[in-house]
Amino acid sequence: MTDTFDRLLEPRETIVYRVPRRWEPNQWFKEHSALAIALAIAAALGLLRYDAASLASLAAAMAGLILYMLCCYVRDWSREALVTDRRLLYRTGWLDPTVVTVGVEDISKVEAVKDQVRITRHDGTKLDLGHPQDGWGMGVALASAAGLPPPRLAPRHEVVADYVWLVCGMAAGLVVALVPLKWLYPHAVEFARSIGWLIPATGFLFLGWFTHAIGILVFGGNLALLLLRPFLSLDQMDAWIMNSAAFWPHPSAPDDPGPEASIKRRFAHLLYGRPLAPQSGGSGLGG
């Protein structure tokens, strides 16, 4: 697609930054190391052994997450971008690729993390874009081309907090899923012998997906805040929640802040015994 981008260039349009496809999985080391820690925690709690119940429960708990990660990897591998002195050209998708064009004169703010970029237009609308390995470089180049301040660089404690959040989410997701699945496994086997495997196996997989998601979204997030409480001040935690991509809205609705950041901010203020003041407009990614 690089030659396609080049054909779209206008006369005297200068290339500032090229972001080619990258075939490395998106943040693979961080995600897989967090998963390894979560598996070790589940094993230490006695929920994982080399028996049929443990292995079947683990497969049911992990099936949804693995499928989601594979879909993300396939999608991310199709992404590439070109930043010029006039605009951003961005492509994603395999079977029906989409090319997004954003003029630098329309951009009022650029925010970025390692693999994601958020563009805010002058009319207030937002656009979330990603690249497996170089979202930060794309964001910096785009801000420079638009004559804007560079994206906020996350301090080290926020990078660590993001990783704690990921580990806690995966560990809680596994533990919360494995407890009911291991209890249900013998009954599911007996039920399957009487009516066939399709219905019990489908129900087992659905329960694994549902409880794993509940563990990640509810228990994992709150556990991360509890563990970070002794190390971060309230202002630091509040800034992390408002600026971390872990709390960004879904890319399909970037203008809708959603409940995640608000709920976690309320819980953080509860931990510190401080009332939640009204959020001032324009502060952080959630502003």
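In this report, the structure presented in the accompanying data block is examined.

What counts, and at which threshold
Residues numbered from 1 in each chain as written. Predicted model: local features only at pLDDT ≥ 70, side-chain atom pairs only at ≥ 80, totals over all residues. Heavy atoms only, no water. Helix = DSSP H or I, 4+ residues; strand = E, 2+ residues; numbered from the N terminus. Buried < 20%, exposed > 50% of the residue type's maximum accessible area, 1.4 Å probe, protein only. Contact = heavy atoms within 4.5 Å. Areas by Shrake-Rupley, 256 points an atom, 1.4 Å probe, with all protein chains shown as cover. Expected span 1.5 Å × (residues − 1). Bend = angle between axes of the 7 residues up to and from the residue. Pairing = 2+ DSSP bridges. Axes fitted to C-alpha atoms, helices over the stretch in contact; angles between N-to-C directions. Polar contact = N/O pair within 3.5 Å; in protein donor to acceptor, adjacent residues only side chain to side chain. Core = buried A, V, L, I, M, F, W, Y, C linked by side-chain atoms within 4.5 Å. Salt bridge = Lys/Arg side-chain N within 4 Å of Asp/Glu carboxyl O. Parallel < 35°, antiparallel > 145°, perpendicular 65-115°, else oblique. Left-handed = near helix turned anticlockwise from the far one by under 90°. Nonpolar A, V, L, I, M, F, W, Y, C, P; charged D, E, K, R; others polar. Patch = residues over 30% accessible without salt bridge, like charges linked within 9 Å, V, L, I, M, F, W, Y side chains within 5 Å.

## A look at the overall build of the protein chain
Part 1 of the argument: The secondary structure content of the protein chain amounts to 8 helices and 7 strands.
Part 2 of the argument: By the burial criterion, 40% of the 287 residues in the protein chain qualify as buried.
Part 3 of the argument: Within the protein chain, contacts between residues separated by at least 24 positions form 67% of all contacts whose residues are at least 6 apart in sequence.
Part 4 of the argument: In the structure as shown, the protein chain presents an accessible area of about 15100 Å², 66% of it carried by carbon and sulfur atoms.

## Side note on helix α5 (residues 156-195)
Part 1 of the argument: In this model, α5 (40 residues) spans 55 Å end to end at C-alpha, consistent with the 58 Å of a helix rising 1.5 Å per residue.
Part 2 of the argument: In the structure, α5 departs most strongly from a straight axis at Tyr185, where the bend amounts to approximately 40 degrees and where the proline Pro186 lies between one and four residues downstream.
Part 3 of the argument: Downstream of α5 by one or two residues, Gly196 has phi in the positive range, about 110 degrees.

## Comments concerning the sheet that holds strand β4 (residues 98-103)
Part 1 of the argument: Taking strand neighbours across the sheet as the criterion, the 4 strands line up as β1-β2-β3-β4 in an open arrangement whose pairing is antiparallel. Two strands bound the open sheet, and with one partner strand each, they are β1 (15-19) and β4. The mean angle between the axes of side-by-side strands here comes to 10 degrees, regardless of whether they run parallel or antiparallel.
Part 2 of the argument: Summarising the sheet, strand β3 (residues 87-92) and β4 pair through 6 bridges and their orientation is antiparallel.

## Details of the environment of Trp94
Part 1 of the argument: Mapped onto the secondary structure, Trp94 falls in the loop between β3 and β4.
Part 2 of the argument: Each C-alpha atom of the pair Trp94 and Ser78 lies 6.2 Å from the other, and the pair is 16 residues apart in sequence.
Part 3 of the argument: For Trp94, the contacting residues outside a window of four places in its chain are Arg21, Trp23, Val74, Trp77 and Ser78.
Part 4 of the argument: At 2.7 Å, the side chain of Trp94 forms a polar contact with the backbone oxygen of Val74.

## A closer look at the nonpolar core
Part 1 of the argument: Counting 18 residues, the largest nonpolar core has Leu88, Ile119, Met138 and Leu142 as the members making the most contacts within it.
Part 2 of the argument: Of all elements in the fold, only β2 (80-84), β3, β5 (107-112), β6 (116-121), β7 (126-130) and α4 (135-145) reach the threshold of two or more residues within this core.
Part 3 of the argument: The dominant element in this core, judged by the number of residues it contributes, is α4, at 4 residues.
Part 4 of the argument: With residues near it in sequence (within four places) discarded, Met138 still touches Tyr17, Val19, Ala81, Val83, Leu88, Tyr90 and Val117.
Part 5 of the argument: The next biggest cluster of nonpolar side chains, apart from the first, holds 17 residues, and it includes Ala38, Val167, Ala171 and Ala188.

## Focus: the pairing of β7
Part 1 of the argument: A large share of β7 lies buried, amounting to 5 of its 5 residues.
Part 2 of the argument: In this antiparallel pair of consecutive strands, β6 and β7, the connection spans 4 residues, and Gly124 shows a positive phi of 95 degrees.

## Some remarks on the pattern of salt bridges
Part 1 of the argument: Applying the stated criterion across every chain yields a total of 9 salt bridges.
Part 2 of the argument: The salt bridge involving Asp128 is made with Arg118; its shortest N-O contact spans 2.8 Å. One end of the pair, Asp128, is in strand β7; the other, Arg118, is in strand β6, with 10 residues separating them in the sequence.
Part 3 of the argument: Assessed through its relative accessible area of 0%, Arg118 is described here as buried.
Part 4 of the argument: Notably, a salt bridge pairs Glu158 with Arg152, separated by 2.6 Å at the nearest N-O pair.
Part 5 of the argument: Residue Glu158 is classed as buried on the basis of its relative accessible area, which comes to 4%.
Part 6 of the argument: Note on Arg152: relative accessible area 37%, which makes it partly exposed.
Part 7 of the argument: Linked by salt bridges that have partners in common, Arg75, Asp76 and Arg79 make up one network.

## Let's talk about the packing of α5 against helix α6 (residues 198-228)
Part 1 of the argument: It is the contact of α5 with α6, at a shortest axis distance of 6 Å, that shows an interaxial angle of 155 degrees. With respect to each other, α5 and α6 are oriented roughly antiparallel. Our pair here, α5 against α6, has a crossing hand that is right-handed.
Part 2 of the argument: Broken down by class, the residue content of the contact of α5 with α6 amounts to 27 nonpolar, 8 polar and no charged.

## What to know about a nonpolar patch on the surface
Part 1 of the argument: Side chains of Phe206, Trp209, Phe210, Ile214, Leu217, Val218 and Phe219 sit close together on the surface and give an oily, nonpolar patch of about 700 Å² of accessible area.
Part 2 of the argument: You can call Phe206 exposed: its relative accessible area is 52%.

## Quick notes on the sheet that holds β5
Part 1 of the argument: An order of β5-β6-β7 is seen for the 3 strands of this open sheet, with the pairing classed as antiparallel. Each end of this open sheet is capped by a strand with a single partner; those strands are β5 and β7. Along the sheet, successive strands turn relative to each other by an average axial angle of 20 degrees, direction set aside.
Part 2 of the argument: Packing against the sheet, α4 makes contact with β5 and β6, and its axis sits at approximately 155 degrees to β5.

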